Amino acid sequence: MSICILDPGPLTTLQDLGRTGLAAQGCRSCGAADRYSAALANLLVGNAPGDAVLETTLQGPSLRFEIAAVFALAGAEAPAALDGVPVPFYAPVFAPAGSVLKIAAARTGLRSYLAVWGGIPVPLVQGSRATDLACRLGGFRGRALRKGDVLPTAKPGDAAAAWWKTICRRKADRPLGDAAARTGARLWRWEQDRQLPLLRAVPGPQWAAFTPAGQAAFTHGVYRLTADCDRMACKLEGPAIQTVHGADILSDGIVEGSVQVGGNGQPIVMLADHQTTGGYAKIATVITADLPALAQLRPGQAVAFTLTDPVRAVAAARAQAACLQQVKARLNDFI
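What counts as what
Residues numbered from 1 in each chain as written. Predicted model: local features only at pLDDT ≥ 70, side-chain atom pairs only at ≥ 80, totals over all residues. Heavy atoms only, no water. Pairing = 2+ DSSP bridges. Helix = DSSP H or I, 4+ residues; strand = E, 2+ residues; numbered from the N terminus. Core = buried A, V, L, I, M, F, W, Y, C linked by side-chain atoms within 4.5 Å. Buried < 20%, exposed > 50% of the residue type's maximum accessible area, 1.4 Å probe, protein only. Salt bridge = Lys/Arg side-chain N within 4 Å of Asp/Glu carboxyl O. Axes fitted to C-alpha atoms, helices over the stretch in contact; angles between N-to-C directions. Parallel < 35°, antiparallel > 145°, perpendicular 65-115°, else oblique. Left-handed = near helix turned anticlockwise from the far one by under 90°. Contact = heavy atoms within 4.5 Å. Nonpolar A, V, L, I, M, F, W, Y, C, P; charged D, E, K, R; others polar.

Taken together, the six strands give an open sheet; going across it, the order is β7-β6-β9-β4-β1-β11, and neighbouring strands pair in antiparallel fashion. Strands at the two margins of the open sheet, each flanked by one partner only, are β7 (85-86) and β11 (150-151). Here strand β4 (residues 62-65) runs beside strand β9 (residues 100-103); their pairing, made up of three bridges, is antiparallel. Residue pairing for β9: Ser62 is matched across the bridge by Lys102.

Next up, the structure:
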């Protein structure tokens, strides 16, 4: 056992890239809300993209490395210090045995990710180490981390020290300078002097259930995140989206990124912990490449939508994968 939690922060959980192929049995996928940043943190230390990481919300934890380790931080950037010495995001860092890492409140964004070389080998549950908070399964005892929890790591301290020397020889210890690689090449819309995240979406299975005016409101309006946002979904407020015959439908399947419209005409975008079925009409589905941008927004921040098609959605996913591949290439000779 090698990582001791001294202060967990508001919400810190173990996550990976989630459970797949089990929705028909009612099993939620869960996993990192910002999968791009989680994968990026892993690649920076030489892990596989899907290894387990710590996901923090708004403010990070304080923790002690009981044995030497190599770690990296990605996502919402926050002041971080190892034994009082500032450490950067988007770069591998060597932590000597007994050192204490403290991560303060994020300056921008909402969720940060901490990857440790070798991963965090808690038991697999249905093929994943992701924490499902509602079902209390996976992760660390199916719950958020608490003070005094002790997490395992897969690599001994002497191996971590040797791996750090390899990283330095490869000159991969330097912070990642490519802004597009840090964020996955996100898009923006300008509204006068405001820069808003622009979420691309394909028309949903009930697109025809909305009036032309409702469709136009969705694609041209500006929406703000309400206080009612969590890992399950983001409830937005803005121009009402009109339906033809009401928002209620027979319950059918939901995926991450589904945009439901409730009876009040306001959109609700599903995130990692979404349910598997729902009874509101879905006007669109936010593409996978743009979900990380949404996962990093705080209540009160604004967002806009634009329609795209499956071909462009696949191209955007491939562009993000290429960004990650460039990061992996920094250590590719050794992994």
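Right, let's talk about the nonpolar core for a bit. Residues Phe65, Phe71, Leu101 and Leu151 are the most contacted members of the largest nonpolar core, which totals 58 residues. In terms of nonpolar packing, the next biggest core, distinct from the first, is built from 25 residues, Leu199, Ile241, Ala281 and Leu297 among them.

Our focus in this paragraph is the pattern of salt bridges. Tallied over the entire structure, the rule returns 11 salt bridges. Close ionic contact of Arg64 with Glu66 constitutes a salt bridge, the shortest N to O distance being 3.1 Å. Using a relative accessible area of 26% as the deciding quantity, one classes Arg64 as partly exposed. For Glu66, a relative accessible area of 33% translates into the label partly exposed. Across the pair Arg231 and Asp273 runs a salt bridge whose closest N-O atoms are separated by 2.8 Å. A residue pair is termed long-range when its members are at least 10 positions apart, and Arg231 in the loop between β14 (222-229) and β15 (233-237) and Asp273 in the loop between β18 (267-270) and β19 (277-280) qualify at 42 residues. The exposure class assigned to Arg231 is buried, which follows from its relative accessible area of 5%.

Now for the environment of Arg194. Within the secondary structure layout, Arg194 lies in strand β13 (residues 194-203). What makes Arg194 partly exposed here is its relative accessible area of 32%. When the C-alpha atoms of Arg194 and Ile283 are compared, they prove to be 26 Å apart, with 89 residues separating the residues in sequence.

This part takes up the packing of helix α1 (residues 35-45) against helix α6 (residues 310-328). Following both chains from N to C, one finds α1 and α6 inclined at 20 degrees, their axes separated by 9 Å at the closest point. By the angle between their directions, the pair α1 and α6 is classed as roughly parallel. α1 and α6 meet at a crossing whose hand is right-handed. Contacts between α1 and α6 involve Tyr36, Ala39, Leu40, Leu43 and Leu44 from the former and Gln320, Cys323, Leu324, Val327 and Lys328 from the latter. Its residues assigned to classes, the contact of α1 with α6 comprises eight nonpolar, one polar and one charged.

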